[in-house]
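Coordinates in review
Residues per chain, in single letters:
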Amino acid sequence: MQPENPEPYSAPAQAIWPAAAIPGRPGAQQRPAQADDADPSPSGDANAHSADEAETPSGLVEIPDAEQTPGSKLLDELRAQIAQFVIPPSPEALDAITLWVAATHLQPAWQHAPRLAVVGPAKRCGKSRLLDVLTETVHEPMLTINTSPAAIFRSITEENPPTLLVDEADTIFGTPKMAEKNEEMRGLLNAGHQRNRYVTRVVGNDHTPHRFATFAMAAIAGIGDLPDTVMDRAVVIRMRRRAEGEKVKPFRSRRDIPALHDLRDRVAAWARPLLDEAADLEPDMPVEDRAADTWEPLVIVADLAGGHWPRLARVACARMVAVEAAAEEDHPSGARILADIRRVFHAQREVDSLSTEEVLHHLRQDPEAPWAEWGRGGLTARELSRMLREFEIKPGNVRMADRTQRKGYMRNKFLDAWRRYCPAVHPVDADTARGKD
């Protein structure tokens, strides 16, 4: 069944997507399809993506599609069913949701249990509706409304973990006071991302220590971003309100649940015999580190299904991870301060040092940066020092052009941090970063 969306997906924010490696072909890269190729339909061309996507300097060469298989057709059907009820921000996001749902039916095979972070800037963005659909299609759904962390980890078994579904996460993590009160829940969601992470509690009248498993896939929906440690372990779906002309099918339990359950059972029946094969696969990934750990189950599901899904999965992975990396770089509490100081030194023709007053002056002068309004009177020297201390960068005495000494920052103290946390901003040569300049 095709979705009732007469108009294409509304355009997401522009982003520059990185090249993605082609499995089995070292050095080869995919190229993104042009905007004219966009096709939001679940059965459309797998190159489909948003119409306003920015051009990239290096496009993506397509991974050849294999013949359609029962598994790929089943994922196509699941994708179409999800698209009836919600409009994700991009076709890649819809692909990711589809693969995540299928991956819940193979949880015993995974080393990492990816979280699905369904976030939006305001109410009525479709977050809860997506959770409704997930509830009827994932493996062993466990809704955690007003559920204590103790009840959750006592419900998780190593052999057959449930799929946790957390709605209205902003009521749990929305303010620092809420987050502090629910620190145990955050710890549970973080620990459960990786297999063999346990919590120990005493049980029974004799208070015997007992280990409880935490490993389980989880979908978490809420207004605003989740804690950084949760977002870093998640496939992030940034939902938006529907624009005029974008239509979805109303979700009616009595009418729609039987069809979703039938599809869920068929996905489970397809996945179950593939458990051992899924556990043994180590696919080539277009990303690295924790992002690769998080996306690996989705890519494995795509490779098991075949057809166009291996290509869809890797393109979605590369693009969505790049968007989140850019968002992290813009976040003031993350690498944003490093990136903006990098721009300051570049604008000052890569001088050896700048006084603290000069650094603060140039940071506050940027009209698109948050530093002029930071705190009560703009970013201060103390707050700047605190932010940079996290990257092991400290102020010291620097010699000025007039031969006087002031407190400030040496450019060479930033080189390694720039290379690690904001490599796209006026890239630093690796030899220079090691101090060979």
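Description of the structure in this document.

About the cut-offs
Residues numbered from 1 in each chain as written. Predicted model: local features only at pLDDT ≥ 70, side-chain atom pairs only at ≥ 80, totals over all residues. Heavy atoms only, no water. Buried < 20%, exposed > 50% of the residue type's maximum accessible area, 1.4 Å probe, protein only. Helix = DSSP H or I, 4+ residues; strand = E, 2+ residues; numbered from the N terminus. Contact = heavy atoms within 4.5 Å. Pairing = 2+ DSSP bridges. Axes fitted to C-alpha atoms, helices over the stretch in contact; angles between N-to-C directions. Parallel < 35°, antiparallel > 145°, perpendicular 65-115°, else oblique. Nonpolar A, V, L, I, M, F, W, Y, C, P; charged D, E, K, R; others polar. Left-handed = near helix turned anticlockwise from the far one by under 90°. Patch = residues over 30% accessible without salt bridge, like charges linked within 9 Å, V, L, I, M, F, W, Y side chains within 5 Å. Areas by Shrake-Rupley, 256 points an atom, 1.4 Å probe, with all protein chains shown as cover. Salt bridge = Lys/Arg side-chain N within 4 Å of Asp/Glu carboxyl O. Lys, Arg positive; Asp, Glu negative; His and termini not counted. Charge placed at Lys NZ, Arg CZ, Asp CG, Glu CD.

The next subject is helix α3 (residues 127-135). Those residues of α3 that sit buried are Lys127, Leu130, Leu131, Val133, Leu134 and Thr135. Summarising the contacts, the buried residues of α3 are in contact with α1 (70-85), α2 (91-103), β3 (115-120), β4 (141-143), β5 (163-166) and β8 (218-223).

Attention now moves to the sheet that holds β8. If you walk across this open sheet you meet the 5 strands as β4-β5-β8-β3-β9, and the pairing is parallel. With partners counted over all chains shown, the strands left at the sheet margins are β4 and β9 (234-238), one partner each. Pairs of neighbouring strands in the sheet enclose a mean axial angle of 20°, with direction left out of account. Where β3 and β9 come together, 5 bridges link them in parallel fashion. Across the sheet, the residue bridging to Leu116 is Val235, located in β9. α3 rests against β3, β4, β5 and β8 of the sheet, and its axis sits at about 165° to β8.

Another point: the packing of helix α13 (residues 336-347) against helix α15 (residues 381-389). Contact geometry for α13 and α15: axes closest at 10 Å, N-to-C directions at 110°. Relative to α15, the element α13 is oriented roughly perpendicular. Residues Ile337, Leu338 and Ile341 of α13 form the contact with α15, whose participating residues are Leu384, Met387 and Leu388. Looking at the contact of α13 with α15 residue by residue, the class counts come to 6 nonpolar, no polar and no charged.

Quick look at the sheet that holds strand β12 (residues 405-410) now. Strand order in this open sheet of 3 strands is β10-β12-β11, and the pairing throughout is antiparallel. The outermost strands of the open sheet, each flanked by one partner alone, are β10 (353-355) and β11 (396-399). Across the sheet, the mean angle separating the axes of adjacent strands is 65° when strand polarity is ignored.

Two numbers describe how α1 lies on helix α9 (residues 253-271): the axes approach to 11 Å, and their chain directions differ by 155°. Relative to α9, the element α1 is oriented roughly antiparallel. The two elements α1 and α9 cross, and the hand of that crossing is left-handed. Taken together, the residues of α9 that come into contact with α1 (itself represented by Gly71, Leu74, Glu77, Leu78, Gln81 and Phe85) are Asp256, Ala259, Leu260, Leu263, Arg266, Val267 and Trp270. Grouping the constituent residues of the contact of α1 with α9 by class yields 8 nonpolar, 2 polar and 3 charged.

A few words on a negative patch on the surface. The grouping of Asp276, Glu277, Asp280 and Glu282 at the surface amounts to a negative patch. Within the secondary structure, Asp280 is located in helix α10 (residues 275-280). Here Asp280 falls in the exposed class, since its relative accessible area comes to 63%.

Everything listed here is a matter of geometry and, on its own, says nothing about what the molecule does.
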